[in-house]
Amino acid sequence: KFIAKSAGCLKEFTDEVFVLVDDMTDDRTEDILDSMQIRHERFRWIHDFGYAKNLLISKLTGDWILVLDDDEQYSPEGGKKLVDYIRGITDLNIDGLEIPRKHHYPNWTCDDENYFKGMFFPDPHIQAFKNIGYRYGGKVHEGISIPKEKVIGAQYFIDQNIFVHHFAFKGDRTKMEEPKNEYFRALSEGKQFVEGEKYPGL
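Residues numbered from 1 in each chain as written. Predicted model: local features only at pLDDT ≥ 70, side-chain atom pairs only at ≥ 80, totals over all residues. Heavy atoms only, no water.

1. Here's the deal with the overall build of the protein
When its secondary structure is counted, the protein shows 7 helices and 11 strands. In the protein, which comprises 202 residues, the share counted as buried stands at 41%. Long-range pairs, those at least 24 residues apart, make up 68% of the contacts in the protein with a sequence separation of at least 6. (Helix = DSSP H or I, 4+ residues; strand = E, 2+ residues; numbered from the N terminus. Buried < 20%, exposed > 50% of the residue type's maximum accessible area, 1.4 Å probe, protein only. Contact = heavy atoms within 4.5 Å.)

2. Considering the packing of aromatic side chains
Counted under the stated rule, the structure contains 10 aromatic pairs. Centre to centre, the rings of Y156 and F157 are 5.0 Å apart; their planes meet at 85°, and the pair counts as edge-to-face. Assessed through its relative accessible area of 33%, Y156 is described here as partly exposed. On the basis of relative accessibility, which here comes to 0%, the residue F157 falls in the buried class. An aromatic cluster of at least three residues, connected via ring pairs, comprises F43, W45, F49, Y183, F184 and F193. Just above the ring of F163 sits the side chain of K102; from NZ or CZ to the centre is 4.6 Å. In this structure, K191 packs its charged tip against the face of F193, placed 4.9 Å from the ring centre. (Phe/Tyr/Trp six-rings, centres within 6.5 Å; stacked < 30°, edge-to-face > 60°. Lys NZ or Arg CZ within 6 Å of the ring centre and 35° of its normal.)

3. Regarding the pattern of salt bridges
Scanning all chains against the criterion turns up 13 salt bridges. Residue D84 pairs with K80 through a salt bridge whose shortest N-O separation is 2.8 Å. In this pair, D84 and K80 are both assigned in helix 4 (residues 76–87), 4 residues apart and thus about one turn of the helix distant. With a relative accessible area of 41%, D84 lands in the partly exposed category. Of the residues examined, K80 reaches a relative accessible area of 41% and is grouped as partly exposed. Residues D95 and K130 are paired through a salt bridge, measuring 3.4 Å at the closest nitrogen-oxygen approach. Residue D95 is found in the loop between helix 4 and strand 5 (96–99), and its partner K130 is found in strand 7 (residues 125–130); the two are separated by 35 residues along the sequence. Each member of the pair, D95 as well as K130, is classed as buried. (Salt bridge = Lys/Arg side-chain N within 4 Å of Asp/Glu carboxyl O.)

Right, dumping it as structure tokens:
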């Protein structure tokens, strides 16, 4: 539902866009990316989100990396402001940017206009970082670790009205959330999956 906006929101402002598509994907994601002339590649899903993002990093050549999940996007104004800000960084000590999120939790019957009015709380995480060897840790709820003194904090971006917009699943949430949460719990508890195994309900 969101891949075109997620993959395309920074295309106009950045030097390259690259999407990794896991081999469990059986929807129109690749057709949509082809139509947008966005480079993409399939990879073997091994039930490790950190591994997937580190594989992505290994294929990128830019000085800075901005990572988005498939249900996240920047507004055109926010995306341009963010890229312009990164291009203007002169402090060599800055390695990462802590971008706040706006979570959009619709009531499940709302129309598209109301859907975009989501609930806000500043859920900052390092969303952009220098391509100098940083890697994700964690199979579940993966994250980048950069020393705090090398990170521009979320408040700056809140003041500049720059946010990552995160869109919750629109529809019958229980069909999506219950198996997803069970899947995360299984991973967190160390469940070993057979290569290529698809988790029930997802």
